[in-house]
Amino acid sequence: MEKKIGATVKLKKILVRNLKKAAAKIAEPEILTNNWKEILEDESIDIVIEVMGGIEPAKTYIMEALKAGKNVVTPNKDLVASHGGELLDCAAANQCDFLFEAAVAGGIPIIRPLKQCLTGNHLSEIVGIVNGTTNFILTKMTQENMEFAAKQYNLMLKTPSQGKNGSGVMPHSMRKDGTVSKGSIYLWTAGFFPGSLWYISDFLGDKSLQDSALVYTRKMEPCKTFTDNHDIGFMMYCSYGNANRFAPKTEYEDILTESAKSLCTRFRPKAGVIQSWNGFRSWHGDKVYDFPVIIDNMMNLELLFHASKVTGDDTYKKVAVSHAEKVMKNQIRKDYSHYHIIYYDKETGAPIKGETSQGYSDNSCWSRGQSWGIYGFTLCYRETGDKRFLKTAQGMADHYLDHPNLPSDKVAWWDFNAWEEGYVPGVRSKASITPVLYRDASAAACTASALMELSTYVKGAKSKKYLEGAKQILHSLGSPAYRAKLGENANFILMHSTGAIPHGGEIDVPLTYADYYFVEALHRYNKLLNNEPLF
């Protein structure tokens, strides 16, 4: 390169988020910095290469670099598509270069030939350029991944029950020896396996898998009277809700209505919310709070909306709306991140404080909690048409997609703020002794499914942003980086999920709900491709 350009090329600085982590990976750690100003104010740096991905802070950094007279090179397609004109104008005004390229047909550059080789031609129209990523999504993403899911789950169906009297029947995660771990029907994740079978069998028209879906769904019926916590929504709507969607029967409606009645027993009128757990011991000491409400509870509201529709009794819907309103008021922050837990006073119904159970710190943004919120407020808008819920869903989605710590493949770290300055775990939390930043495929899968739906409720650039974000997540999850090999990963579809680092469990493992929201997102995407309504 130096011979061709007649100049010396030297790498002066690398901007990183975590100096300690990055220093362990390179031979010259002295070139690392976490201060953008060091690069911006260094007059010896002529070229800035941006590889962060996403819109912000990449756009701000590029604009500042161009205004400082530095040339910029980027592969950031999202940014160029959204703000390319503005950045090119800035480069021209400051007499420097803003360079980028796109490729088609396996690596053939397209932008430079258009700008330079065809200068003498008058181009009146470019009909369309389909790149490899788009082509892969359109032709292979849904079909190939669903076929793979069917193969994995057929293997899963051959694994035996576990535990005392064979009560462990529902696949949950993977043991240290690589075999599947199973839980009882009363585990909060029990409904996901039959739900995944329903989605896969419907997509492929697989009668055998549908029969298996029905068998595992029927195992869940005793849970219709479960009142020990809020998880009956996960348990029953993912199983019987999907059974009723794909093979409706009156008896399923009755079971779902009974389940909704059970969930409503946990509604506390003074506070206007559904109590999640019976108690939680704070990570900061020994204090036990007896009225915790967690963001996950937003996912259970779909069961209540459904019950009102089939019975004509709006009591269920009123409970759901009240809960969503209080979460929106007390649990969602101004920047549209969230508190995992809000503690309420049982006597007065007033909120006490916000903390976390599964996030890095009380003030951090736990990635799966963020996905629960995006999904939950999106479904609340679907069921009510209330624009407040749509605004909240969009705000939470934007917080996820635009977060400076979101990796370029859009599969989030388990917490957006883990190990950042200003974020401190509780003294009993094991987050403080888990220095590795793990991804959470389950958060990404749930976000993708929610974004598919959210994209249909907005227009223009917002709709495109959410749909493209969902597609990029699906492309990433369907790649070898996250999708398991056939017969491996305890026969789950996705690898690299994170369950509960503060509790010291389910770290970098497959999780049944990651698979569920992945196949749900694929199922939804296929409907959008075929111009079919999602609901």
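Residues numbered from 1 in each chain as written. Predicted model: local features only at pLDDT ≥ 70, side-chain atom pairs only at ≥ 80, totals over all residues. Heavy atoms only, no water.

1. Focus: the overall build of the protein chain
Condition: Strands here are runs of E lasting at least two residues and helices are runs of H or I lasting at least four, both read from the DSSP assignment and numbered beginning at the N terminus. Every radius of gyration here is taken over C-alpha atoms, with the globule rule written as 2.2 Å times N^0.38, N being the number of residues. Every accessible area reported is derived by Shrake-Rupley at a probe size of 1.4 Å, with residue values counting cover from the shown protein chains alone. Neither His nor the chain ends is counted toward charge; the positive residues are Lys and Arg and the negative residues Asp and Glu. Think of each charge as sitting on NZ of Lys, CZ of Arg, CG of Asp or CD of Glu.
For the protein chain, the count of helices and strands is 18 helices and 18 strands. For 535 residues, the compact-globule estimate of 2.2 N^0.38 gives 24 Å, and the C-alpha radius of gyration of the protein chain, at 25 Å, lies within 12% of that figure. Taking the principal axes of its C-alpha atoms as reference, the protein chain extends roughly 75 × 50 × 50 Å. Looking at the protein chain as shown, the accessible area adds up to about 24,100 Å², and 53% of this sits on carbon and sulfur atoms. Mean positive and mean negative side-chain charge positions of the protein chain (62 and 59 charges, respectively) differ by 2 Å.

2. Some remarks on the sheet that holds strand S16 (residues 351–355)
Which entries qualify depends on this criterion: Here, a strand pair is defined by DSSP locating no fewer than two bridges between the strands. To get an axis, fit a line to the C-alpha atoms, keeping to the stretch in contact for a helix; angles then go from 0 to 180 degrees between the N-to-C directions.
Taken in spatial order, the three strands make up an open sheet running S14-S15-S16, and their pairing is antiparallel. Edge positions in the sheet fall to strand S14 (292–294) and S16, since each of these pairs with one other strand and no more. Between one strand and the next, the sheet's axes are offset by a mean angle of 25°, whatever the strand orientation. Pairing of strand S15 (residues 341–344) with S16 involves four bridges; the strand directions are antiparallel. Bridging from a neighbouring strand, Tyr343 pairs with Lys353 of S16.

3. Examining the environment of Ala213
Formally: Contact definition: two residues touch when any of their heavy atoms are within 4.5 Å.
Its location among the elements puts Ala213 in helix H9 (residues 207–218). Taking C-alpha positions, Ala213 is 55 Å from Glu64, a pair spaced 149 residues apart along the chain. Look past the residues within four positions of Ala213 in its chain and what remains in contact with it is Pro194, Leu197 and Trp198.

4. Things to note about the nonpolar core
The criterion, for reference: What makes a nonpolar core is a set of buried Ala, Val, Leu, Ile, Met, Phe, Trp, Tyr and Cys residues whose side-chain atoms join them at distances within 4.5 Å. Summary of the burial criterion: residues with accessible area below 20% of their type's maximum are buried, those above 50% are exposed, and those between are partly exposed, where the area comes from a 1.4 Å probe applied to protein chains only.
Counting residues in hydrophobic clusters, the biggest one holds 116 residues, and the most contacted among them are Leu304, Phe377, Leu477 and Tyr517. Look past the residues within four positions of Leu304 in its chain and what remains in contact with it is Ala260, Leu263, Cys264, Ile274, Tyr316, Lys317, Val319 and Ala320. Residues Trp36, Ile45, Ala58 and Leu87 belong to the second largest nonpolar core, which totals 19 residues.

5. Here's the deal with unusual backbone geometry
Leave glycine aside and you will find that most residues have negative phi; peptide bonds, for their part, are mostly trans. Cis geometry is found at the peptide bond from Glu56 to Pro57, where omega equals 5°. Among the secondary structure elements, Pro57 is positioned in the loop between strand S3 (47–49) and helix H4 (58–67). The phi dihedral of Glu506 is positive, around 55°, even though this residue is not glycine. Along the chain, Glu506 turns up in strand S18 (residues 505–509). Taking relative accessible area as the criterion, Glu506 reaches 31% and is therefore assigned partly exposed.

6. Considering the side chain of Ser449
Filter applied, for reference: Counted as a polar contact is a pair of N or O atoms within 3.5 Å, where, for protein atoms, one must be capable of donating a hydrogen and the other of accepting one, and residues adjacent in sequence contribute only when both atoms are in side chains.
As for its placement among the helices and strands, Ser449 is situated in helix H16 (residues 441–454). In this structure the side chain of Ser449 is engaged in a polar contact, spanning 2.6 Å, whose partner is the side chain of Glu520. Here Ser449 is in contact with Tyr375, Tyr517, Glu520, Ala521 and Arg524, once residues within four sequence places are set aside.

7. Describing helix H10 (residues 232–246)
Inclusion rule: Helices are assigned an expected span. That span is 1.5 Å times one less than the residue count. For a residue, the bend is simply the angle between two axes, fitted respectively to the seven-residue segment ending there and the seven-residue segment starting there.
Compared with an ideal rise of 1.5 Å per residue, which puts 15 residues at 21 Å, H10 spans 20 Å between its outermost C-alpha atoms and is within 8% of the ideal. In the structure, H10 departs most strongly from a straight axis at Cys238, where the bend amounts to approximately 30°. Burial analysis of H10 places 14 of its 15 residues in the buried class, which makes it a mostly covered element.

8. A short note on H4
Here is the rule we go by: Directions pointing from the helix axis toward each C-beta atom define the arc.
When we look at burial in H4, the residues that qualify are Ala58, Lys59, Ile62, Met63, Ala65 and Leu66. When H4 is viewed along its axis, its buried side chains cluster within an angular range of 160° and face the same direction. In the core, the buried residues of H4 are packed alongside helix H3 (36–40), S3, strand S4 (71–74), helix H5 (77–93) and strand S5 (98–100). Directly after H4, the chain includes Gly69, whose backbone phi takes a positive value near 80°.

9. Examining the sheet that holds S4
The strand order across the open sheet built from three strands is S3-S4-S5, with neighbouring strands paired in parallel fashion. What marks the edges here is a single partner per strand, and that holds for S3 and S5. Within this sheet the neighbouring strands show an average axis-to-axis angle of 20°, counted without direction. In this sheet, S4 lies alongside S3 in parallel orientation, the contact comprising three bridges. Each residue of the ladder has a partner; that of Ile47, found in S4, is Asn71. Sheet strands in contact with H5 are S4 and S5, and its direction is about 145° off that of S5.

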